[in-house]
Amino acid sequence: MRVVFVHGACVRDGAWWWRRTAELLEQRGVLSLAPALPSCGEAELPAGAAGPGLSEDIAAVRQALLDSDEPTVVVAHSYGGIITAEAAAGVGTVRHLVMVSSYLPEVGQCLSDFGDAGPAPFLDVDPESGTFGVRPEFLVDTFLQDCETEVQVQAADHLARQSVQVTGQPVRAAAWQQVPSTYLLCAQDRGTPPRLQREFARRAGSVVELDAGHHPFLSRPAAVRDLLLSL
């Protein structure tokens, strides 16, 4: 099999975020990739195209899924679950979805339908530029408290401001309704509280709970590898 990783909101360079788990998978002969997301400023758009939003992210991930005929496990983190719901729909090679502290939206739902009311305190929303991002001073304590110091320091260089469009754009398909799915619940997550994750996870086929923060693929890569290899 191969693995396609879909990163979350307000970050860039998915290969960096997923690298610890990806390297362990490669040692077992499993290759992976992490598509660039246009809404995070990661990919060039055709001349004259409108600002990137959810549809461009979906197109980028869907193309990565269609580029191979290998059986594929899609691992979606946080906002990545919104993308994956539509991007993986109807792709015959996708055999399992793994949602990490993420969302399984119904058709017509969008990112803003999940979570508590109002912007989270760790987000900086700029209406003038139409973007939002993680406030750097909240990064470590909210998202990386269980990671090594080296990771915490480097992560700041991999943040990105993202088009706020993605929060209100609904999905047009729900791949998790047709494809087997596993929800990886992160019990020490301070960004997406476990009480919300448990609510989101009700739609998944199975749930695995891990004593980890928001990025278990960085803090507990061997555990994430083992989960993927067991599917």
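For the structure itself, consult the block above.
What comes next concerns the included structure.

1. Remarks on the sheet that holds strand β5 (residues 123–126)
Argument step 1. Taken in spatial order, the 3 strands make up an open sheet running β5-β6-β7, and their pairing is antiparallel. If you trace the sheet from one side to the other, it starts and ends with β5 and β7 (162–163), each paired once.

2. A word on the layout of surface pockets
Argument step 1. Taken as a whole, the largest pocket encloses approximately 890 Å³ of empty space.
Argument step 2. What lines the largest pocket is a set of 38 residues, and nearest its centre among them are Tyr103, Leu111, Ala120, Phe122 and Leu123.
Argument step 3. Where the lining of the largest pocket is concerned, the elements lending two or more residues are β5, β6 (131–134), α4 (139–143) and α6 (194–201).
Argument step 4. Class assignment of the residues belonging to the lining of the largest pocket gives a composition of 25 nonpolar, 12 polar and 1 charged.

3. Quick look at the side chain of Arg2
Argument step 1. Within the secondary structure layout, Arg2 lies in strand β1 (residues 2–6).
Argument step 2. Within the buried set, Arg2 has no salt-bridge partner at all; the shortest N-O distance to an opposite charge, 4.9 Å, is to Glu70.
Argument step 3. Not counting chain neighbours up to four residues away, the residues in contact with Arg2 comprise Val30, Leu31, Leu33, Ala64, Leu65, Ser68, Glu70, Pro71, Thr72 and Val73.

4. Concerning the sheet that holds strand β2 (residues 31–33)
Argument step 1. The 6 strands lie next to each other as β2-β1-β3-β4-β8-β9, forming an open sheet whose pairing is parallel. The open sheet has two free edges, formed respectively by β2 and β9 (206–210), since each of these has just one partner strand. Mean inter-strand twist for the sheet, computed between neighbouring axes without regard to direction, equals 20 degrees.
Argument step 2. As paired strands, β1 and strand β3 (residues 72–77) are joined by 5 bridges and run parallel to one another. Bridge pairing in β3 places Arg2 opposite Thr72.
Argument step 3. Contacting β1, β3 and β4 (94–100), helix α3 (residues 80–87) runs over the sheet at an angle of about 145 degrees to β3.

5. What about the environment of Val134?
Argument step 1. Along the chain, Val134 turns up in strand β6.
Argument step 2. With a relative accessible area of 14%, Val134 lands in the buried category.
Argument step 3. For Val134 and Ala34, which are 100 residues apart along the polypeptide, the C-alpha to C-alpha distance reads 21 Å.
Argument step 4. Among all residues touching Val134, those that are not within four sequence positions of it are Cys10, Phe122, Leu123, Leu139, Phe143 and Leu159.

6. Quick word on the pattern of salt bridges
Argument step 1. The final tally for this structure, using the stated rule, is 6 salt bridges.
Argument step 2. In this structure, Asp124 and Arg161 form a salt bridge, with 3.1 Å as the shortest nitrogen-oxygen distance. Of this pair, Asp124 sits in strand β5 while Arg161 is found in the loop between α5 (149–155) and β7, placing the two residues 37 residues apart along the sequence.
Argument step 3. The class of Asp124 is partly exposed, set by a relative accessible area of 27%.
Argument step 4. Residue classification places Arg161 among the partly exposed positions, given a relative accessible area of 37%.

7. Description of the packing of aromatic side chains
Argument step 1. Counted by the stated rule, this structure contains 7 aromatic pairs.
Argument step 2. Taken together, a centroid distance of 4.4 Å and an interplanar angle of 15 degrees make the contact between Phe5 and Trp18 stacked. Placement of Phe5 in strand β1 and of Trp18 in helix α1 (residues 14–27) is noted, with a sequence separation of 13 residues between them.
Argument step 3. In this structure Trp18 comes out as buried when scored by relative accessible area, which is 1%.
Argument step 4. Ring geometry for Phe122 versus Phe143: centroids 4.9 Å apart, planes at 80 degrees, classification edge-to-face. With Phe122 in the loop between β4 and β5 and Phe143 in helix α4, the pair connects residues that are 21 residues apart, well separated along the chain.

Calculation rules
- Residues numbered from 1 in each chain as written.
- Predicted model: local features only at pLDDT ≥ 70, side-chain atom pairs only at ≥ 80, totals over all residues.
- Heavy atoms only, no water.
- Pairing = 2+ DSSP bridges.
- Helix = DSSP H or I, 4+ residues; strand = E, 2+ residues; numbered from the N terminus.
- 1 Å grid on protein atoms, 1.4 Å probe; cavity = no way out; pocket = protein on both sides within 12 Å on 5 of 7 lines; lining within 4 Å.
- Points joined across faces, edges and corners; volume = space filled by probe spheres on them.
- Nonpolar A, V, L, I, M, F, W, Y, C, P; charged D, E, K, R; others polar.
- Buried < 20%, exposed > 50% of the residue type's maximum accessible area, 1.4 Å probe, protein only.
- Lys, Arg positive; Asp, Glu negative; His and termini not counted.
- Salt bridge = Lys/Arg side-chain N within 4 Å of Asp/Glu carboxyl O.
- Contact = heavy atoms within 4.5 Å.
- Axes fitted to C-alpha atoms, helices over the stretch in contact; angles between N-to-C directions.
- Phe/Tyr/Trp six-rings, centres within 6.5 Å; stacked < 30°, edge-to-face > 60°.

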